[in-house]
Amino acid sequence: MKRYFKNSPREIVLLFAIALFFAGCNEANENIYRSTTNFGNGWQFSRKAASDTTFTEWETINLPHTMRLEPLVVNDQFQGLGHYTKTFSVSDTANRKFFFYFEGVMQVATLFINNEKVLTHSGGYLPFTVDATPQLRPDTVNQIDVWVDNTDNAQVPPGKALADLDFNYYGGIYRNVYLITTGKIFITDAVAADEVAGGGVLVHFDEVSAEQAQGMLRVQAKNESGSTEKVRLLATLISSDGQIFYFRSDEALVQPDSTVTLQQELVVDDPQLWSPQQPQLYRLLVELMAGERLLDSTSLNIGIRKIELNENGFFVNGEKHFLRGTNRHQEYPFVGYALSDEAQWRDAVKIKSAGFDFVRLSHYPHAEAFMDACDALGLLVMDCIPGWQFFGDSVFIQNSYQDCRDMIRRDRNHACVAFWELSLNESPMTNEYMQTVNEILDQELPFGDSYSAGWTDYPAYDLFIPARQHAQPPDYWNFYKNGNRNVFVAEYGDWEYYAQNAGFNQKAFDGLKADERNSRQLRGSGEQRLLQQALNFSQAAASNRRGIGTIGHANWLMFDYNRGYADDLEASGIADIFRLPKFSWYFYQSQRPPQEQVPAPVASGPMVFIASYNNQLSSREVTVFSNCDEVELLAEEHVLARQTATKDSVFATLAFPPFHFENVPVGTANLSAIGYIDGMEAARHEVAVAATAARIRLKADLEGIAINENYPDLFFVNACVTDSVGNLVYDADLAVEFTIEGSGKVLGYNPVIAEAGIASALIRTEALDSLLVISAKARGILPYRLVLQRYERKVNK
């Protein structure tokens, strides 16, 4: 029988303090029964390329780690073997369990503990757990060895050889590793479980309204104590404002060497609902009890929300949404996939700040920290299994089925997940495969409100997600309607402008448009090309909104990235690989209504942006992006025009079309744009005429996410080349040299050539235990010195 109790007002202050404690922990809840320790520091590493005969010398490294730093443009990515090893000590193996939890190793990992092989795991994008207890020796030195193989493997999704792949998958232990200790009776790991629907903790709410949410909590426990035990659950649900709900399950017997599944009904009155605009999260503490004795505990963030996909569209908590989305690859320059958790959060903040409420995780599961950030920031997610233009043998298929289960089990408690892309992108899947992956979803989440998505219009999928270029212009998917099925345009704005006649063969270059007409434009390609990219995206976005069955779309893409088959960067990102915005960024930012709520530290509200460098080469027809009713453009103090947006036949479907001003005196006067809402000034942007380069201005690109004080972190520092009064000099291409004082280093190139007036350096810190001083200088101009101190976090993670 379920029992639940809501707190009284007198408890709120104390309970809110408890909630903040749990929310602020960097690591999982620790007690004498369970502890979770970051196991990332102090490894030894050596590598051997597939073409070599010997390994490199040992080096000391910290995780996350890539097997080799790569150049900015990756033409010959390292493939081969990596050997990671570390010594450590444990105690009390008779009464304790010891597990290693690997968030991601690319892509085949073989583990040894004290020279005994424990397991081989295939697949680089999803976690796995190792029970190390049988191999450990108490009160002496133990050793873990991980051999990592990232060579081409047609049996491991995505399966396609790197030389033919549309992205790079890099290599190494590139995500976190944790050492988890528990007692002999413990809560199992969701991904490691053999049973259908997995183990661990599962939370689901069936009935959700503003008045009440009803759902269930399911927890699997395992008994390795040697004796039968009677166990039950205590669950504590804490809201962000300190409200608390207690739940207590019935008792159940768990026999030795067996598992038991405990289930508890959840009822929450007046719930704080999660939505993209108000992503309210609860902290759930789950305790496994034997009488009054605590056996194990764990905690997680959850959101209470109801999503629906039906013939009328897509709904969150009963409110219809047209999804404004983008695609993301998780790559950084030089380090590939080896991002810190904070870097993952900064990417999520940038995506939300750019005006999006949805992100497709192309074409594989992204990091757990990124999923946490999406929960906290209100970014809906399409979670994708690994795959791209390849369908392999029976072993590949079975590995892909396991990817489906592991991804669902890892991410099933995330409020942000709206769709499960159980589809190998642009791959010739069989009907049997498509039917099976949808059955897996129904087995893992048998609640009737989990939605699958596939790029093929196959009836087992709940949502059809073609790319725009999969149909023919000019209508593309605008008239698609297959019964009650909806369509989500999963990619648009790139390929249809790049090579309309090339079909799926992205290595063929027949039928290309001129370079200046496509969307693949580096940030340094010049004003005219960046304007063309923005025009392409805005026209395609407006076209998609005409779709009679279209529930949303995702542009291709957010950030520039490398590809295995190409010798240049894929530059259709609305930001470059260093995360610096192009003009298109501001088009998308203008599509968020000015009154729409977003959580801190996301940029929001009324905005206006002049898409011009305002120099002698600039176009006299100036484009301005804004979500205001009217925009007034001034040259110095002279009003050039005040007008509404361009609501022509092309842009009529956009909520906030671009503004266009003609005969603007560019390059001779400072330009100002003022956005008005209901006749009142709401936003302002200025672009000055820059003089000669005279100085450097440095800024750390942290997006409100503090540098990690204890473990490795990655962040960009941007050196802006300005004139004597601080105006950015867009045509500056000076070589900027960075120096570091303190516990950090510049990765990749140094000096860095400025692109469109900005030189970006990637900084890695191993720990921020003192002041970090970053200096930048260039020939002939004044240098700059930036001091970074230990920051308090601005976002609870």
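Note: the structure precedes this text.
Residues numbered from 1 in each chain as written. Predicted model: local features only at pLDDT ≥ 70, side-chain atom pairs only at ≥ 80, totals over all residues. Heavy atoms only, no water.

S.K.: What is the right way to read helix H3 (residues 368-377) from this model?
M.R.: Given 3.6 residues to a turn, an α-helix orients residues that are three or four positions apart in the same direction. Of all 10 residues making up H3, 9 are buried, and the element is well covered by its neighbours. Among the residues of H3, those classed as buried are Glu-368, Ala-369, Phe-370, Met-371, Ala-373, Cys-374, Asp-375, Ala-376 and Leu-377. Structurally, H3 contributes buried residues whose contacts are with strand S6 (97-102), helix H2 (341-353), strand S25 (358-360), strand S26 (380-384), helix H4 (394-411) and strand S27 (417-421). One or two positions beyond H3, positive phi appears at Gly-378, with a value near 80 degrees. (Buried < 20%, exposed > 50% of the residue type's maximum accessible area, 1.4 Å probe, protein only. Helix = DSSP H or I, 4+ residues; strand = E, 2+ residues; numbered from the N terminus. Contact = heavy atoms within 4.5 Å.)

S.K.: Honestly, the packing of H2 against H3 in this entry has me stumped. Any pointers?
M.R.: Helix packing geometry: the angle between the two helix axes and the distance between the axes. Between H2 and H3, whose axes approach to 8 Å, the crossing angle comes to 40 degrees. Taken together, the axis directions place H2 and H3 in an arrangement best described as oblique. The two elements H2 and H3 cross, and the hand of that crossing is right-handed. From H2, Asp-341, Gln-344, Trp-345, Asp-347, Ala-348, Val-349, Ile-351 and Lys-352 reach across to H3, where they touch Ala-369, Phe-370, Asp-372, Ala-373, Ala-376 and Leu-377. For the contact of H2 with H3, the per-class residue count stands at 9 nonpolar, 1 polar and 4 charged. (Axes fitted to C-alpha atoms, helices over the stretch in contact; angles between N-to-C directions. Parallel < 35°, antiparallel > 145°, perpendicular 65-115°, else oblique. Left-handed = near helix turned anticlockwise from the far one by under 90°. Nonpolar A, V, L, I, M, F, W, Y, C, P; charged D, E, K, R; others polar.)

S.K.: What exactly am I supposed to notice about the environment of Asn-484 here?
M.R.: Assignment of secondary structure puts Asn-484 in the loop between strand S29 (463-464) and strand S30 (486-489). Overall, the relative accessible area of 56% leaves Asn-484 in the exposed class. Placed 34 residues apart in sequence, Asn-484 and Asn-518 show a C-alpha to C-alpha distance of 35 Å. Once residues within four sequence positions are removed from consideration, Asn-484 is found in contact with Asn-310 and Glu-311.

S.K.: How should the sheet that holds strand S10 (residues 141-149) be read in this particular structure?
M.R.: The strands making up a sheet associate through backbone hydrogen bonding, with each pair oriented either parallel or antiparallel. The strand order across the open sheet built from 6 strands is S4-S3-S5-S10-S7-S8, with neighbouring strands paired in antiparallel fashion. The sheet is open, and its two borders are formed by strand S4 (59-61) and strand S8 (116-122), each paired with just one other strand. The average undirected angle you get between the axes of adjacent strands in this sheet is 25 degrees. Alignment of strand S7 (residues 108-113) against S8, held across 6 bridges, turns out to be antiparallel. Its bridge partner being in S8, Ile-113 is matched across the sheet by Glu-116. (Pairing = 2+ DSSP bridges.)

S.K.: So what exactly am I meant to see when it comes to the nonpolar core here?
M.R.: Note on soluble globular proteins: their nonpolar side chains tend to be buried together. Core analysis: the biggest nonpolar cluster contains 93 residues, and Phe-314, Met-382, Phe-419, Leu-422, Tyr-433, Leu-463 and Phe-488 have the highest contact counts within it. When residues no more than four places from it in sequence are discounted, the contact partners of Phe-314 are Ile-307, Glu-308, Leu-309, Glu-319, Lys-320, His-321, Leu-323, Leu-380, Ala-418, Phe-419 and Ile-551. Ranked by size, the runner-up nonpolar core spans 31 residues in total, among them Tyr-174, Val-335, Tyr-337 and Trp-556. (Core = buried A, V, L, I, M, F, W, Y, C linked by side-chain atoms within 4.5 Å.)

Interpretation note: all reported values are geometric properties and have no functional meaning in isolation.
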